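So you can see what is in the structure, the chains are spelled out below.
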Amino acid sequence: ASGDALFLAGAGGTSLDVAASALTATMAQFSLGSEQATRITDVFASATARSQFEVADLAEAMKYGGVVGAGFGWSLEQTVATLSLFRDAGLKGTLAGTALRAALVGATTASSVNVEAMAKYGLTLEQINPQTHDFAQILRTVGEAGMSTADIIKVFGAESGAVVATLASQAVDGSTKYQDMLGDLETSTGAASAMYQQMNATVTGGLAELLSASEEF
């Protein structure tokens, strides 16, 4: 996995320690063996290329979001795709991770407040259960029901409710950002290596230009 950590560090412009720690933590969260290190590296690299995430703050988001995503049976790719939506909505690092955690816990908490808020729209908590629905399905259910932002906040929590409300509205309007991101992550084989090589080529090219310029003096 050391080679994968090197690729991730190089592709993501972060330290080897951060990259290695992210790989180790993610393998533990999703019960993945070391043979899956390349998959994780490619997913992380692809996410940073297609969202506002950098490797370091994606690693921070995964500290909180990875555990809960895996706990509800989501794949690595589904979890990272969902976190990317929160990141692009302005929640960086830890905030994205805690927001996802709050949203999924809220969606499965059968409190009287949650049950009543859902019932107003003819919905049940089972219809937004993350164990049986991915995030796109949850967003469509909430959005198509016309739930108010206030009620969404009641169910999904203050940390994430406003963002969930915005994303649900976008989903109803035809946004396929989650599906597009998930598709990219599920077909990201080779992404980290390609980004690492491109980064090296850019740096090498820049050094060559500097050397050439210096020789002219």
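Only a predicted model underlies this, so the values are computations on that prediction, with no experimental measurement involved.

Here the protein chain averages 90 in pLDDT, while 91% of its residues score no lower than 70. Overall, residues 203-214 carries pLDDT values under 50, and its contacts beyond four positions in sequence, including any with other chains, amount to 0 contacts.

This part takes up the packing of aromatic side chains. We describe a pair of aromatic rings using the distance from one ring centre to the other and the angle between the two ring planes. Across all of its chains, the model carries 3 aromatic pairs by this definition. Relative to Tyr-196, the ring of Phe-7 lies with its centre 4.9 Å away and its plane at 70°, an arrangement referred to as edge-to-face. Pair noted here: Phe-7 is in helix α1 (residues 2-12) and Tyr-196 is in helix α12 (residues 191-215), with a separation of 189 residues, a long-range link. Here Phe-7 falls in the partly exposed class, since its relative accessible area comes to 28%. Plain terms: the ring middles of Phe-86 and Phe-135 are 5.7 Å apart, the flat faces sit at 40° to each other, and that makes the pair tilted. Residue Phe-86 is located in helix α5 (residues 76-88), and its partner Phe-135 is located in helix α8 (residues 135-145); the two are separated by 49 residues in the primary sequence. Each member of the pair, Phe-86 as well as Phe-135, carries the same accessibility label: buried. Every member of this aromatic cluster is reached through a ring pair, and the members are Trp-74, Phe-86 and Phe-135.

The nonpolar side chains of a soluble globular protein tend to be buried with one another. Counting 59 residues, the largest nonpolar core has Phe-86, Ile-128, Phe-135 and Phe-156 as its most contacted members. When near neighbours in sequence (up to four residues on either side) are disregarded, Phe-135 contacts Trp-74, Thr-82, Leu-85, Phe-86, Val-164, Leu-167 and Tyr-178.

This brings us to the pattern of salt bridges. Under the counting rule described, the total for this entry stands at 7 salt bridges. Two residues, Arg-39 and Glu-77, come together in a salt bridge whose shortest N-O distance is 2.8 Å. On the criterion of sequence distance, the pair formed by Arg-39 in helix α3 (residues 37-50) and Glu-77 in helix α5 is long-range, its members being 38 residues apart. Given the relative accessible area of 8%, Glu-77 is considered buried. Of the charged contacts in the structure, one is a salt bridge between Glu-60 and Lys-63, with a shortest N-O distance of 2.8 Å.

Our next topic: helix α7 (residues 112-119). Within α7 the residues assigned to the buried category are Asn-114, Ala-117 and Met-118. Seen from one end, α7 has its buried residues packed into an arc of 95°, which puts them on one side. Facing away from the buried side of α7 by more than 90 degrees, the exposed set consists of Ser-112 and Glu-116. Packed against the buried residues of α7 are α6 (94-107) and α9 (149-156).

Let us now look at α5. Taking 1.5 Å as the rise per residue, α5 with 13 residues should run 18 Å; its terminal C-alpha atoms sit 18 Å apart, in good agreement. A large share of α5 lies buried, amounting to 13 of its 13 residues. A positive phi of about 110° marks Gly-90, the residue just after α5.

One non-glycine residue, Ser-31, adopts positive backbone phi at about 50°. Turning to its location among the elements, Ser-31 is positioned in the loop between α2 (16-29) and α3.

A word on the side chain of Asp-42. The topology assignment puts Asp-42 in helix α3. Of the buried charged residues, Asp-42 lacks a salt bridge, with Arg-39 as the closest side chain of opposite charge at 8.9 Å. Of the polar contacts made by the side chain of Asp-42, one reaches the backbone nitrogen of Ala-192; its length is 3.0 Å. In this structure Asp-42 touches Ser-188, Thr-189, Gly-190, Ala-191, Ala-192 and Ser-193, once residues within four positions along its chain are discounted.

Parameters at a glance
Residues numbered from 1 in each chain as written. Predicted model: local features only at pLDDT ≥ 70, side-chain atom pairs only at ≥ 80, totals over all residues. Heavy atoms only, no water. pLDDT = per-residue confidence, 0-100. Contact = heavy atoms within 4.5 Å. Phe/Tyr/Trp six-rings, centres within 6.5 Å; stacked < 30°, edge-to-face > 60°. Helix = DSSP H or I, 4+ residues; strand = E, 2+ residues; numbered from the N terminus. Buried < 20%, exposed > 50% of the residue type's maximum accessible area, 1.4 Å probe, protein only. Core = buried A, V, L, I, M, F, W, Y, C linked by side-chain atoms within 4.5 Å. Salt bridge = Lys/Arg side-chain N within 4 Å of Asp/Glu carboxyl O. Arc of directions from axis to C-beta. Expected span 1.5 Å × (residues − 1). Lys, Arg positive; Asp, Glu negative; His and termini not counted. Polar contact = N/O pair within 3.5 Å; in protein donor to acceptor, adjacent residues only side chain to side chain.

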